[in-house]
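Examining the three-dimensional arrangement
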Amino acid sequence: MIPYGKQDISQSDIEAVVQVLQSDYLTQGSQVPLFEKIVADYCGADYAVAVNSATSALHIACLALGLGEGDRLWTSPNTFVASANCALFCGATVDFVDIDPRTYNMSVAELAKKLQQAKQNNSLPKVVIPVHFAGQSCEMKAIYALSQQYGFHIIEDASHAIGGQYLGSPIGGGEYSDITVFSFHPVKIVTTGEGGVATTNQSKLAEKMQLLRSHGVTREPHLMTQPLEGAWVYQQVDLGFNYRMTEMQAALGISQMQRLNDFIARRAALAQRYNQLLEHLPLTKPFQHHDTRSSFHLYPILIQTEHASKTRLEVFETLRAQGIGVNVHYIPVHTQPYYQNLGFSEGDFPEAEHYYQRVMSIPVFHAMSDAEQDRVVQVLKQALL
Ligand SMILES: *Cc1c(COP(=O)(O)O)cnc(C)c1O
């Protein structure tokens, strides 16, 4: 099977993890702060807070921005469920903004329209989470301008997008948002096994997220609310969680980050090659906005069901039967049973649904060879006939 995505683990990655296992600290040692510094420096952010998953990072990012009961969070329906669930973890309500049919990211025009209506109904969101789908940045300048006009916070869900760029700068620098969240799940660009990082330029937000990832407990005198009795003292000043990343995970991340630019270059080369090899077929290749440089976490194609003789399901099954591990990203979140029970219905976000009917992610991963890619293209051509 040629998978749609796969981690790439080198001998140095393995040695880095083994070294930690032989050291004194498996958690709360030197590796997590070093990993945070490397991610912050790469992105051009002032602070990075590492946790055990992007889902946890989204949760504490929402809490740090004060999201709670009675508040609203908006995100894209074309995402993994975690981008929406984080609102519900905080007792807030969630709604969606339909996608741009070219980029498959949150549509700025739809967002502007929905904000105008929400303002009239007194139902503006407190937080908006644009998702950089497949590794391509959303139009952050325009979304940021709307946040200034309507007064909402922005968390970028960049789970797909470490190493990607927007207007010539790395995603995660925080020029157009409060917090950016990355995932280090094995299927993403860089892995720590499980893991997430939140970057920000606001010291208050970084401090709050550091507290929340570790029980709301601090040893920092300036964060304590009662006088210090002695050096043993820690104080719980908030209600937090155990969302800490381990030293093994951070060591793997540090080692992997050294190859991030290679990972991005190979993915870009594979995408470029697909663009050429898939010319003149009844499918739509991923459009690239000129403001962006994608990290190509995914290479999603849309089967032009009007021109192809096969349905998406038929093409999908033919590829799977021939050992090509295609996948579908994403089932629109609002059509999930849990969200239907919250009152969402099919038809609510037609562009995301239209897209979902046609989309398929074909394999792209660091170690994929040209020969493997040729095989994917050959089987895909046959399947479309
Ligand atoms: C993978 C992913 C997440 C969740 O990441 P975890 O690290 O697995 O918690 C959130 N949002 C998007 C868009 C993702 O792809």
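Summarised in this report is the structure supplied together with it. No experiment lies behind these values; they were computed from the predicted model shown.

**Concerning empty space enclosed by the protein**
Inspection of the entire model under this criterion finds two cavities of 30 Å³ or more. Empty space within the largest cavity amounts to approximately 80 Å³. Forming the boundary of the largest cavity are 13 residues, of which F133, A134, Q136, P286 and Q288 lie nearest the centre. For the lining of the largest cavity, the residue count by class is eight nonpolar, four polar and one charged. In this structure, the lining of the largest cavity is formed jointly by two domains, domain 1 (2–97 + 105–257) and domain 2 (260–384), each of which donates at least three residues. Its volume calculated, the second largest cavity comes out at about 40 Å³. Taken together, K6, Q7, D8, K188, I189, F263, R267 and H366 make up the lining of the second largest cavity. In the lining of the second largest cavity, the residues fall into two nonpolar, two polar and four charged. The residues that make up the lining of the second largest cavity include at least three from each of domain 1 (2–97 + 105–257) and domain 2 (260–384).

**Points about the site of the ligand**
Among the 15 residues in the neighbourhood of the ligand, the closest are listed as T55, D157, H160, S183 and K188. At a separation of 2.7 Å, an oxygen atom of the ligand approaches a polar side-chain atom of H160. For the ligand, an oxygen atom lies 3.1 Å from a polar atom in the side chain of Y330. The protein chains hide 93% of the 380 Å² of surface that the ligand would expose on its own. More than half of the atoms belonging to the ligand lie within 2 Å of the grid points that define the second largest pocket. Contributing elements (two or more residues each) for the shell around the ligand: helix 3 (54–64) and helix 4 (82–89).

**Examining the side chain of K188**
Along the chain, K188 turns up in the loop between strand 8 (179–183) and strand 9 (196–200). Despite being buried, K188 has no salt bridge partner; D157 is the closest side chain of opposite charge, sitting 6.9 Å away. Setting aside its immediate chain neighbours within four residues, K188 contacts S159, H160, S183, R267 and H297.

**Describing the sheet that holds strand 13 (residues 292–293)**
Pairing within the open sheet is antiparallel, and its three strands lie in the order 7-6-13. Unpaired on one side and paired on the other, strand 7 (169–170) and strand 13 mark the two borders of the sheet.

Each value, and the rule that gives it
Residues numbered from 1 in each chain as written. Predicted model: local features only at pLDDT ≥ 70, side-chain atom pairs only at ≥ 80, totals over all residues. Heavy atoms only, no water. 1 Å grid on protein atoms, 1.4 Å probe; cavity = no way out; pocket = protein on both sides within 12 Å on 5 of 7 lines; lining within 4 Å. Points joined across faces, edges and corners; volume = space filled by probe spheres on them. Nonpolar A, V, L, I, M, F, W, Y, C, P; charged D, E, K, R; others polar. Domains from an automatic or database assignment. Near = heavy atom within 4 Å. Polar contact = N/O pair within 3.5 Å; in protein donor to acceptor, adjacent residues only side chain to side chain. Areas by Shrake-Rupley, 256 points an atom, 1.4 Å probe, with all protein chains shown as cover. Sits in = over half its atoms within 2 Å of the grid points. Helix = DSSP H or I, 4+ residues; strand = E, 2+ residues; numbered from the N terminus. Buried < 20%, exposed > 50% of the residue type's maximum accessible area, 1.4 Å probe, protein only. Lys, Arg positive; Asp, Glu negative; His and termini not counted. Salt bridge = Lys/Arg side-chain N within 4 Å of Asp/Glu carboxyl O. Contact = heavy atoms within 4.5 Å. Pairing = 2+ DSSP bridges.

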